[in-house]
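Each chain, written out:
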Amino acid sequence: MAKITKNGDQLIVPENPTIPFIEGDGVGKEIWQNARKVIDKSVEKTYNGKRKIEWKEVLAGEKAFNTTGSWLPDETIDAFRKYLVGIKGPLTTPIGGGIRSLNVALRQDLDLFSCVRPVRWFKGVTTPYKYPEKVNMVIFRENTEDIYAGIEWMQGTEEAKKFYKFIREELGVTKVRFPETSSFGVKPVSVDGSERLIRCAIQYALEHNLPSVTLVHKGNIMKFTEGGFKTWGYELAKREFGKELESGKLVIKDVIADAFLQNTLLKPEEYHVVATLNLNGDYISDQLAAMVGGIGIAPGANINYSTGHAIFEATHGTAPDIVGLNKVNPSSLLLSAVMLLEYLGWNEAGELITNGLEELFNASRATADLARFMENGHSLTTSEFCDELVEVIQSKA
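Residues numbered from 1 in each chain as written. Predicted model: local features only at pLDDT ≥ 70, side-chain atom pairs only at ≥ 80, totals over all residues. Heavy atoms only, no water.

**A closer look at the packing of aromatic side chains**
Here comes step 1: Taken as a whole and judged by the stated rule, the model has 14 aromatic pairs.
Here comes step 2: Taken together, a centroid distance of 4.7 Å and an interplanar angle of 20 degrees make the contact between Phe65 and Trp71 stacked.
Here comes step 3: Judged by relative accessible area, Phe65 falls into the partly exposed class, the value being 37%.
Here comes step 4: Site record: aromatic cluster; members linked through ring pairs are Trp153, Phe163, Tyr164 and Phe184.
Here comes step 5: One cation-aromatic arrangement involves Arg51 over Tyr47; the distance from NZ or CZ to the ring centre is 4.4 Å. (Phe/Tyr/Trp six-rings, centres within 6.5 Å; stacked < 30°, edge-to-face > 60°. Buried < 20%, exposed > 50% of the residue type's maximum accessible area, 1.4 Å probe, protein only. Lys NZ or Arg CZ within 6 Å of the ring centre and 35° of its normal.)

**Comments concerning the pattern of salt bridges**
Here comes step 1: Tallied over the entire structure, the rule returns 24 salt bridges.
Here comes step 2: Ionic pairing is found between Arg36 and Asp40, a salt bridge with its closest N-O pair at 3.8 Å. With Arg36 and Asp40 both in helix H1 (residues 28-47), this residue pair falls four residues apart, about one helical turn.
Here comes step 3: Overall, Arg36 belongs to the partly exposed group, its relative accessible area being 31%.
Here comes step 4: Asp40 sits in the partly exposed class, given a relative accessible area of 27%. (Salt bridge = Lys/Arg side-chain N within 4 Å of Asp/Glu carboxyl O. Helix = DSSP H or I, 4+ residues; strand = E, 2+ residues; numbered from the N terminus.)

**Side note on the nonpolar core**
Here comes step 1: Membership of the largest hydrophobic core comes to 79 residues, with the highest contact counts inside it found for Ile87, Ile202, Val213, Phe312, Leu334 and Phe361.
Here comes step 2: Take this core: its biggest share by element is 10 residues, from helix H11 (residues 331-344). (Core = buried A, V, L, I, M, F, W, Y, C linked by side-chain atoms within 4.5 Å.)

**What to know about unusual backbone geometry**
Here comes step 1: Its identity as a non-glycine residue notwithstanding, Leu84 has a phi of 70 degrees, on the positive side.
Here comes step 2: Locating Leu84 in the fold gives a position in the loop between helix H3 (74-83) and strand S5 (85-88).
Here comes step 3: For Leu84, a relative accessible area of 9% translates into the label buried.
Here comes step 4: The residue Ala319 is not glycine, and still its phi comes out positive at about 45 degrees.
Here comes step 5: By the secondary structure assignment, Ala319 is in the loop between strand S14 (310-314) and H11.

So, in structure tokens, the structure goes:
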């Protein structure tokens, strides 16, 4: 098995890299089995069979629990750590104690600090937004701090009582209105965590000739966490990218989160690359996805640009109500696979998939979730959609 490796800033990709995959829960099996055909055909077609991905299945979620008794076996983490790059379908969140989210656990164990979510419109996709073609952004959402740190104490517990006693007696906090019935949460936001995310967002903007990076925050209320994120971002930009700022090649700006959500509806063309904290990024990513057609066509990646580790994923849930009906939209996973191919430097193979998707959408051919809103929309099953996409890719010169 050929491993992807990293030498300094350079990712070293063999012709036949081994890439671990998690099939996923719920509709995960359906979208993976069909999307895989498309990915393999695009690579084969682009490189005339000289390149090929060797897929290696690893387990997580219900399949892992039923097979091994563990929701997230150590072997899965080890495989992603060893092979650097992976892809996954949607995973269920276990009910009860233990892991709060398998997705969060993967991101934290591998320190995948950048959640990267590009958002763009595809011709032919009907949306509730009047000018979806104006939406073209890449969101860099911090993935390891803020609410993802998960530091909480439930109301009524001894821990909550101790925490309140400490902040009242030692820190002089008097603003808790109902201390006896309050749960408490702490959100850590660090200089190091903020800087490494913002640095990656800036580097992405410069590499892709995008004119601005916007820091989105709630620093008007939370001045030392969210406000710190903004301040540290400006300081980093001045310190490390001074020439680019002076030349006008790079513009750094900031917007309060609620204003940003409004602005993206009114003037989305003013934003290109966005860097933000975890909770803000969740809201922003989903609103922007809705503006271009929904989360069914929203790709995502979780990346540590320092170590090279990256997991690309479908951004939607497991959709238990349509499992086995062959109607789920595979586009989120397909577009995440495009991001994976671009990460490997196999951009041409990614373009084949992207152009193929747009060709089908423009012909009003899509899965039911999109086709029902298209003029003269033709609804395809998951397998039919991917088979037609393979045919489109195969037809290209």
